[in-house]
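# Descriptive structure summary
Next come the chains, spelled out residue by residue.
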Amino acid sequence: MENLKKTVEETVEMKDVSGEQQEKQRKYGLVSILKDYLPYVLIGVLLSVGLRVVISPSVVVGESMEGSLHNGDYLLVYKLAYSDEKIPDYGDVVVLSSNEVEGEELFIKRVVGKPGDAIEIKAGELYRNGNKVKEGYEKEKMQSEDMNVSVPEGEVFLLGDNRNHSLDSRIIGSIDIEDEVIGKVVTRLKPFDQSYVKKKKKRRVQKHSFSFVYFYEKRNLLLTIVKLIGIVKRVK
């Protein structure tokens, strides 16, 4: 009887020791996982914060840019494109806020006039410095009142590609580059189609075709990263 009792006690002690070992192994496993993955998590957070300073993920809302960009398109906006007093180029697609519009809405438009340009709209056609502008990305012929304006220094004149359904410089005036332009659209991730850029840049795109092939192959991963970086801004 005593031998049986001793055996039972030894078995209980072995179970206690086994339980302690399992608990130690579990704690060690958690610590090991934290040591393995915590640096990557921290690096990911730092990169996300850093990227948000430079890159702004945006999604198109509405129809003002139809003809090139459409409702639901996912875009990457480069926020430092016009730093150091750089001037936007003709045809650049930019995201902006306007001091003339109440609220915190963001807009997306195309640059058609630089500082010092004389912009004229006549009979539904756009003229710049006396020359008719052949664009190729507007959705349809403009139905707008005739106007003739000069673009002030430090500002740009912007139009939506869907000219008949766009709140742009015809109504809110030219836009201050430093104070109101947030950045330049550099890539459309979804759908991965870069035809929104002006035709004059076609050769440049072909020159860097390898990069575009790489981005195309990784588009789903890039879109996921964009959603994880932070809040996707809505632009219209």
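Summary of the structure given here. Since this is a predicted model, take the numbers as computed values, not measurements. (Residues numbered from 1 in each chain as written. Predicted model: local features only at pLDDT ≥ 70, side-chain atom pairs only at ≥ 80, totals over all residues. Heavy atoms only, no water.)

## Notes on the side chain of K109
Put simply, the test is: Helix and strand definitions here come from DSSP, where helices need a minimum of 4 consecutive H or I residues and strands a minimum of 2 consecutive E residues; each element is numbered from the N-terminal end. Between buried and exposed lies partly exposed: a residue is buried under 20% and exposed over 50% of the maximum accessible area for its type, with that area taken using a 1.4 Å probe on protein chains only. Only four residue types enter the tally: Lys and Arg on the positive side, Asp and Glu on the negative side, with His and both chain ends excluded. Within this document, salt bridges are pairs made up of a side-chain nitrogen of Lys or Arg and a carboxyl oxygen of Asp or Glu, the two lying within 4 Å of each other. Think of a polar contact as two N or O atoms within 3.5 Å of one another; within protein, one of them needs to be a possible hydrogen donor and the other a possible acceptor, and neighboring residues in sequence only count if both atoms come from side chains.
Its place among the elements puts K109 in strand β4 (residues 107–113). Of the buried charged residues, K109 lacks a salt bridge, with D168 as the closest side chain of opposite charge at 5.5 Å. A polar contact of 3.1 Å, which involves the side chain of K109, links it to the side chain of S64.

## Quick look at the pattern of salt bridges
All told, the structure shown has 8 salt bridges when counted by the stated rule. D92 is the salt-bridge partner of K184, the closest N and O atoms lying 3.7 Å from each other. Of this pair, K184 sits in strand β11 (residues 181–190) while D92 is found in the loop between β2 (74–78) and β3 (93–96), placing the two residues 92 residues apart along the sequence. Between D161 and R110 there is a salt bridge, and its shortest N-O distance comes to 2.8 Å. In this pair, D161 is assigned in the loop between β9 (155–159) and α2 (169–172) and R110 in strand β4, connecting sequence segments 51 residues apart. In this structure, D161 and R110 share a single accessibility class: buried.

## Notes on the sheet that holds strand β5 (residues 118–122)
Just so we agree on the cut-off: By definition, two strands form a pair when at least two bridges between them are found by DSSP.
Spatial ordering of the open sheet is given by β7-β6-β5-β8, a layout of 4 strands whose pairing is antiparallel. Two strands close off the open sheet at either side, each with one partner strand: β7 (131–132) and β8 (147–150). Of the pairings in the sheet, the one linking β5 to strand β6 (residues 125–128) comprises 4 bridges and is antiparallel in character. Each bridged residue has a counterpart across the sheet, and for K122 the counterpart in β6 is E125.

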